[in-house]
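Survey of secondary and tertiary structure
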Amino acid sequence: QVQLVESGGGLVQPGGSLRLSCAASGFTFSTYGMRWYRQAPGKERELVASITSAGTSTNYADSVKGRFTISRDTAKNTVYLQMNSLKPEDTAVYYCSAQSVLFKNRSYWGQGTQVTVSS
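Residues numbered from 1 in each chain as written. Predicted model: local features only at pLDDT ≥ 70, side-chain atom pairs only at ≥ 80, totals over all residues. Heavy atoms only, no water.

Concerning the packing of aromatic side chains
- Enumeration according to the criterion identifies four aromatic pairs in this entry.
- Summarising the aromatic geometry, the rings of F27 and Y108 are spaced 5.1 Å apart at their centres and angled 40 degrees between planes, so their arrangement reads as tilted. Residue F27 is located in the loop between strand 3 (18-25) and strand 4 (32-39), and its partner Y108 is located in strand 10 (residues 107-109); the two are separated by 81 residues in the primary sequence.
- F27 gets classed as buried once you look at its relative accessible area, which sits at 12%.
- Joined through ring pairs, the aromatic side chains of F27, Y32 and Y108 make up one cluster.
- Looking at R45, its charged tip hangs above the ring of Y95, at a distance of 4.0 Å from the centre.
- Directly above the aromatic system of W109 lies the positively charged group of R45, at a separation of 4.8 Å from the ring centroid. (Phe/Tyr/Trp six-rings, centres within 6.5 Å; stacked < 30°, edge-to-face > 60°. Helix = DSSP H or I, 4+ residues; strand = E, 2+ residues; numbered from the N terminus. Buried < 20%, exposed > 50% of the residue type's maximum accessible area, 1.4 Å probe, protein only. Lys NZ or Arg CZ within 6 Å of the ring centre and 35° of its normal.)

Quick look at the structure:
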């Protein structure tokens, strides 16, 4: 059974940090690129960061460049999103997603974790 389980969300003050984790199971993690998306109330889902299956390349939305870092641990089948210098506009539900590098239309999604940045 395929599962992506996000954790690490919560309430943090502006300028604070959080680290999100996404634990994957039920598929071959090393053959999937991983992404973090977010969706704020009333807004469309936004791609925040991505990392290749080998972990050799990353990309970020302009709004988070220099503040967020995506990484993956193949031994633990886990992808992370380190979020620093958080702003109120980072408030959203954060989702991880896995995209197969072997099968173009195969992808999986987690249930999401809430991040709230507020004083």
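Still more ground to cover, so stick around.
Let's talk about a nonpolar patch on the surface
- A cluster of nonpolar side chains, contributed by V101, L102 and F103, occupies part of the molecular surface with about 310 Å² of accessible area.
- Tracing the sequence through the fold places L102 in the loop between strand 9 (92-100) and strand 10.
- Its relative accessible area of 60% is what places L102 among the exposed residues. (Patch = residues over 30% accessible without salt bridge, like charges linked within 9 Å, V, L, I, M, F, W, Y side chains within 5 Å. Areas by Shrake-Rupley, 256 points an atom, 1.4 Å probe, with all protein chains shown as cover. Salt bridge = Lys/Arg side-chain N within 4 Å of Asp/Glu carboxyl O.)

Concerning the pairing of strand 4
- Of all eight residues that make up strand 4, six are buried, and the element is covered over most of its length.
- Sheet topology places strand 4 next to strand 9; eight bridges connect them, and they run antiparallel. Paired with G33 across the bridge in strand 9 is Q99.
- As defined by bridge partners, strand 4 adjoins strand 5 (residues 46-51) across five bridges and the pair is classed as antiparallel. Each residue of the ladder has a partner; that of Y37, found in strand 5, is L47. (Pairing = 2+ DSSP bridges.)

Focus: the sheet that holds strand 1 (residues 3-7)
- Pairing is antiparallel in the open sheet, where four strands are placed in the order 1-3-8-7. Strands at the two margins of the open sheet, each flanked by one partner only, are strand 1 and strand 7 (68-73). Pairwise comparison of adjacent strand axes, ignoring direction, gives a mean angle of 15 degrees for this sheet.
- Summarising the sheet, strand 3 and strand 8 (residues 78-83) pair through six bridges and their orientation is antiparallel. Bridge assignment links L18 to a residue of strand 8, and that residue is M83. (Axes fitted to C-alpha atoms, helices over the stretch in contact; angles between N-to-C directions.)

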